[in-house]
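As a plain string of letters, each chain reads:
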Amino acid sequence: MAEPARYGAADFRRRVTERLLPDRGAAVGDHSINPEIADLFHGIPRRPAAVLVPVVAREPEATVILTTRTDTLSSHAGQIAFPGGRIDPEDEGPVAAALREAREEIGLDPAFVETLALGPDYLSGSGFHVAPVLALVRPGFRLHPNPHEVQDVFEVPLGFLMDAANHRKASRVWQGATRHFFEMPYGERYIWGLTAGILRALYERLYQDEPAEVAG
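It should be emphasised that the depicted structure is a prediction, and the values quoted were computed from it without experimental measurement.

Cut-off values and rules
- Residues numbered from 1 in each chain as written.
- Predicted model: local features only at pLDDT ≥ 70, side-chain atom pairs only at ≥ 80, totals over all residues.
- Heavy atoms only, no water.
- Helix = DSSP H or I, 4+ residues; strand = E, 2+ residues; numbered from the N terminus.
- Contact = heavy atoms within 4.5 Å.
- Areas by Shrake-Rupley, 256 points an atom, 1.4 Å probe, with all protein chains shown as cover.
- Phe/Tyr/Trp six-rings, centres within 6.5 Å; stacked < 30°, edge-to-face > 60°.
- Lys NZ or Arg CZ within 6 Å of the ring centre and 35° of its normal.
- Buried < 20%, exposed > 50% of the residue type's maximum accessible area, 1.4 Å probe, protein only.
- Arc of directions from axis to C-beta.
- Salt bridge = Lys/Arg side-chain N within 4 Å of Asp/Glu carboxyl O.

Topic: the overall build of the protein chain
The number of helices and strands found in the protein chain is six helices and 12 strands. Taking contacts inside the protein chain between residues at least 6 apart in sequence as the whole, the part at least 24 apart equals 67%. A total accessible area of about 10,700 Å² is found for the protein chain, and carbon and sulfur atoms account for 52% of it.

Focus on the packing of aromatic side chains
A ring pair, where both rings are aromatic, is described by two values, the distance of the centres and the angle of the planes. Applying the stated criterion across every chain, the model contains four aromatic pairs. Linked through ring pairs, Phe181, Tyr190 and Trp192 together constitute an aromatic cluster. If you follow Arg47 out to its NZ or CZ, it ends over the ring of Phe128, 4.2 Å from the centre. Its guanidinium or amino end placed over the ring of Phe154, Arg189 lies 3.8 Å from that ring's centre, counting from NZ or CZ.

Some points on helix H1 (residues 9–19)
In an α-helix, one turn spans 3.6 residues, which is why side chains three or four residues apart end up on the same side. The set of residues buried in H1 consists of Ala9, Asp11, Phe12, Arg15 and Val16. Across the axial projection of H1, the buried residues extend over an arc of 165°, all falling on one side. On its buried side, H1 packs onto strand E2 (47–56), strand E6 (113–118), strand E8 (128–137), helix H5 (158–161) and helix H6 (193–206).

Remarks on the pattern of salt bridges
Across all of its chains, the model carries 13 salt bridges by this definition. Arg13 serves as the salt-bridge partner of Glu114, at 2.7 Å between the closest nitrogen and oxygen. Remark: Arg13 occurs in helix H1 and Glu114 occurs in strand E6; sequence separation between them is 101 residues. Linking Arg24 and Asp121 is a salt bridge whose minimum nitrogen-to-oxygen distance equals 2.7 Å. Remark: Asp121 occurs in the loop between E6 and strand E7 (122–123) and Arg24 occurs in the loop between H1 and strand E1 (28–29); sequence separation between them is 97 residues. The exposure class of Arg24 is partly exposed, given its relative accessible area of 26%.

Spelled out as structure tokens, the structure:
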């Protein structure tokens, strides 16, 4: 029997089962690439949040649904993001929150979604403790983006996002100090910050079979 395609849905499911379900590992975040701020970073009060990492089971290569947030939102305005948001008191955990947010933001019907596992938690510089909910999405869905929250919805090949050659290490001066982060430009779209950080963490856990390569 032929091996599943490296960036296909079946292979993604296998990797999640073998590498994340036994132990999803310690939380990662902005401090992972900026270790000098680790002590200060861990002292930031945090709000629990969840995002859905929706991997669409397209053939022969899966894709990942991403959104562009509107410029009017109070946090991460205008950035490329996964569907997601704060975990509300009525949510039964991060999975329920991620599915609810995906339905509210882009109209993704949960009937098309199979949740697989939680990825490593991500601690953001904006004060969120984010649980990434990894899921496979069956093709055939129709999306209805909420214009108040979502400017655009698009799909990116999983192989592009899980290729270290597309992960660039960049830096900016923030509050008088240099902060490093990952960026993953995709055509005219600029994936960076929390979203790129989560994708990088998933690459390291699921696809990093060789030593990490980071483009300068």
